[in-house]
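# Chain and residue survey
For reference, the chains in residue letters:
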Amino acid sequence: MNNFSDIKNLVIGALAAAGAVAAEALGGWDVALKALLSFMAADYITGLIVAAVFRRSPKTQLGALSSRAGFVGLLRKCCILLVVLLAVVLDGMAGTGGFIRAGVCLFFTANEGLSILENLGLMGVPYPRFLREMLEAMRKQSDEEGEGI
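Residues numbered from 1 in each chain as written. Predicted model: local features only at pLDDT ≥ 70, side-chain atom pairs only at ≥ 80, totals over all residues. Heavy atoms only, no water.

Within this structure, the stated rule accounts for 0 disulfides. Cysteine Cys79 shares no disulfide, and the gap to the nearest cysteine sulfur, in Cys78, comes to 7.0 Å. Judged by relative accessible area, Cys79 falls into the partly exposed class, the value being 47%. (Disulfide = S-S within 2.5 Å. Buried < 20%, exposed > 50% of the residue type's maximum accessible area, 1.4 Å probe, protein only.)

Structure follows, in structure tokens:
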């Protein structure tokens, strides 16, 4: 039994190290990255629910669950993280102190939030209108700030 425990601890340690390296590469484990990753996870989960339970997904012909649509969604989220990584590199080159990364995280967090609200709408879950307005304003603000760089 001790051997299994050692293997488990080794795997957990390796995953923790990989997570720490990834978080550092993405500019550090701060509120912006936590928010983005939380919204990405919530969007993916609500998308799965829309397709699997409600069969109303706009991503497939029948609105049902599709492994291809799920894989494309995961690839899209990986590409979002790639853009965050590139923003970190640009911040380093431009010496902007994280301004570019913050704008990128804000923009994508707002996009993910709007997608979550769309999924909730497809499920028939009501939400306050101000949430959509706030997310649209966040996305617009991050777009406008990005134009001034």
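Moving on: helix α4 (residues 99-123). For α4, which comprises 25 residues, the first-to-last C-alpha distance of 36 Å matches the rise-based estimate of 36 Å (1.5 Å per residue) to within 8%. Among the 25 residues of α4, 18 are classified as buried, and the element is accordingly described as predominantly covered. Residue Gly124 follows α4 closely and has a positive phi angle near 85°. (Helix = DSSP H or I, 4+ residues; strand = E, 2+ residues; numbered from the N terminus. Expected span 1.5 Å × (residues − 1).)

On to the nonpolar core. By size, the foremost hydrophobic cluster in this structure holds 12 residues: Ala23, Leu26, Leu33, Leu36, Met40, Ile80, Val84, Ala87, Ile100, Val104, Cys105 and Phe108. Taken together, the elements giving at least two residues each to this core come down to α2 (31-54), α3 (67-94) and α4. With 4 residues, α4 is the single largest residue contributor to this core. Each residue touching Val104, except ones within four places of it in the same chain, is listed here: Val83, Val84 and Ala87. In this structure, Ala110, Leu114, Ile116 and Met138 belong to the second largest nonpolar core, which totals 9 residues. (Core = buried A, V, L, I, M, F, W, Y, C linked by side-chain atoms within 4.5 Å. Contact = heavy atoms within 4.5 Å.)

Positive phi outside glycine occurs at Arg55, with the angle close to 50°. Structurally, the position occupied by Arg55 is in the loop between α2 and α3. When its relative accessible area of 52% is taken as the criterion, Arg55 is described as exposed.

This part is about the environment of Ile12. Inspection of the secondary structure puts Ile12 in helix α1 (residues 2-25). On the basis of relative accessible area, Ile12 is assigned to the partly exposed category, the value being 48%. Between the alpha carbons of Ile12 and Gly63 there is a distance of 37 Å; along the sequence they are 51 residues apart.

What follows is about a nonpolar patch on the surface. A cluster of nonpolar side chains, namely Leu82, Leu85, Leu86, Val89, Leu90 and Met93, defines an oily patch on the protein surface of about 560 Å² accessible area. Relative to the elements of secondary structure, Leu82 occurs in helix α3. (Patch = residues over 30% accessible without salt bridge, like charges linked within 9 Å, V, L, I, M, F, W, Y side chains within 5 Å. Areas by Shrake-Rupley, 256 points an atom, 1.4 Å probe, with all protein chains shown as cover. Salt bridge = Lys/Arg side-chain N within 4 Å of Asp/Glu carboxyl O.)

Taken N-terminus to C-terminus, the directions of α2 and α4 make an angle of 25°; their axes are 8 Å apart at the nearest point. On the basis of their axis angle, the class for α2 and α4 is roughly parallel. Crossing of α2 over α4 shows left-handed handedness. (Axes fitted to C-alpha atoms, helices over the stretch in contact; angles between N-to-C directions. Parallel < 35°, antiparallel > 145°, perpendicular 65-115°, else oblique. Left-handed = near helix turned anticlockwise from the far one by under 90°.)

Right, let's get into the pattern of salt bridges. The final tally for this structure, using the stated rule, is 6 salt bridges. Among the ionic pairs, Asp43 bridges to Lys77, the shortest N-O distance being 2.8 Å. Pair noted here: Asp43 is in helix α2 and Lys77 is in helix α3, with a separation of 34 residues, a long-range link. In this structure Lys77 comes out as buried when scored by relative accessible area, which is 7%. The network of salt bridges with common partners includes Asp43, Arg76, Lys77 and Glu112.

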